[in-house]
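Secondary and tertiary structure notes
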Amino acid sequence: MAPSLARPTSRPAKSRRTSSPSSQPGARLPAQPPNTSVSPLLRSQRRTAALLVTPFFALFAVVMAAPIGYAVWMSLFQERSSGLGFGGTERVFAGFGNYTKALADTGFRASFAHIALYCALYIPVMIGGSLALALLVDSALARAKRFFQLALFLPHAIPGLIASIIWIYLYTPGLSPVLEWIGALGGSWDFYANDHVLASLVNLSAWQWMGYNMVIFYAALQAVPREVIEAAVVDGAGALRTALQIKVPMIASAIVMTVLFTCVGAIQIFTEPKLLNQRGAPSIDTEWSPTLFIWKAGFVQHDYGMAAAASLLLAALGVVLSYLVTRIGNRWKAATS
């Protein structure tokens, strides 16, 4: 008789696995707080950066923001006297009265017409002359480039007032060797005449600033890849074509920047017409330029409210010119690129 197999009376227990909530489908992870801790190195870098920029903002607030704010405050007030001037003066709020008073002044409006004629002659002479000198110094045929850079930049190292006095001496009959040379050749010239005084102003300013702008253009020309110029020469481009069609478009940014600075500086001309006025130039009066008008209103007539308003109007013109020059320059750079 076959032995009977014994059946197990119990089954082995199955092992149970405990699953974490993250392994279950649809389970949400517990929200963890964001890590807001900043490393000590980053904090040290921020403190160092703040320490380095603090002097700039402090000086900017003292020499720029505070004077502009004070000028805005002064432009809103007028000083009025009572009792035929014997009762003292009082400061009253005028709102935009100083601005309308300045814009209604025929001398102030005429000063902008004078400066527009000056800029129409000065800016092309300045930019064209500086660019031509930079291209000549950068050309392959130029020799002693360091010497010419220094010689052309040297007039800018002379203070503007000293340079103006030198040219006033050269403009004065009986003292000027230039007028003697012109007379020896059988000609005559009057630098203070109404037809020549504008050219005299342009010559004085251009002599001082042309070398400075030339250095800017020359530095930009050094960044032009030499292989591009060599490729143009290999293709048969002459020196003039290479300069106008290769070099000039590649330094468009430097040209736009220089034009912008020249425009802003031209509308602020003061020293040159002031000295010509003192030497008796008939067409240069004490209100020839906006800065001369502001000087007369503030320091001669003691109308500080209108002087402040005129200064802010001149600053607004500078902002508008900067915007227009930048827009036109960007379009020109896009067209030449």
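For the structure itself, consult the block above.
We now turn to the structure provided with this report. Quick caveat, the model's predicted, so the values are computed rather than measured.

This part covers the packing of helix α10 (residues 252–266) against helix α13 (residues 304–336). The N-to-C vectors of α10 and α13 enclose an angle of 165°; their axes lie 10 Å apart at closest approach. For the element pair α10 / α13, the angle class is roughly antiparallel. The interaxial crossing formed by α10 with α13 has right-handed handedness. Within the contact between the two elements, α10 uses A252, S253, I255, V256, V259, L260, C263 and V264 and α13 uses L321, S322, V325, T326, G329, W332, K333 and T336. When grouped by side-chain class, the residues that make up the contact of α10 with α13 number ten nonpolar, five polar and one charged.

Residues of helix α11 (residues 271–278) that are buried include every one of E272, P273, K274, L275 and L276, and no others. Buried-residue contacts for α11 involve α5 (160–171), α7 (197–222) and α12 (290–300). G280, located one to two residues past α11, shows a positive phi value of around 95°.

A few words now on the environment of A110. Relative to the helices and strands, A110 resides in helix α3 (residues 106–138). Of the residues examined, A110 reaches a relative accessible area of 29% and is grouped as partly exposed. Along the backbone, A110 and S289 are 179 residues apart, and their C-alpha atoms lie at a distance of 8.2 Å.

Reading the values: the criteria
- Residues numbered from 1 in each chain as written.
- Predicted model: local features only at pLDDT ≥ 70, side-chain atom pairs only at ≥ 80, totals over all residues.
- Heavy atoms only, no water.
- Axes fitted to C-alpha atoms, helices over the stretch in contact; angles between N-to-C directions.
- Helix = DSSP H or I, 4+ residues; strand = E, 2+ residues; numbered from the N terminus.
- Parallel < 35°, antiparallel > 145°, perpendicular 65-115°, else oblique.
- Left-handed = near helix turned anticlockwise from the far one by under 90°.
- Contact = heavy atoms within 4.5 Å.
- Nonpolar A, V, L, I, M, F, W, Y, C, P; charged D, E, K, R; others polar.
- Buried < 20%, exposed > 50% of the residue type's maximum accessible area, 1.4 Å probe, protein only.

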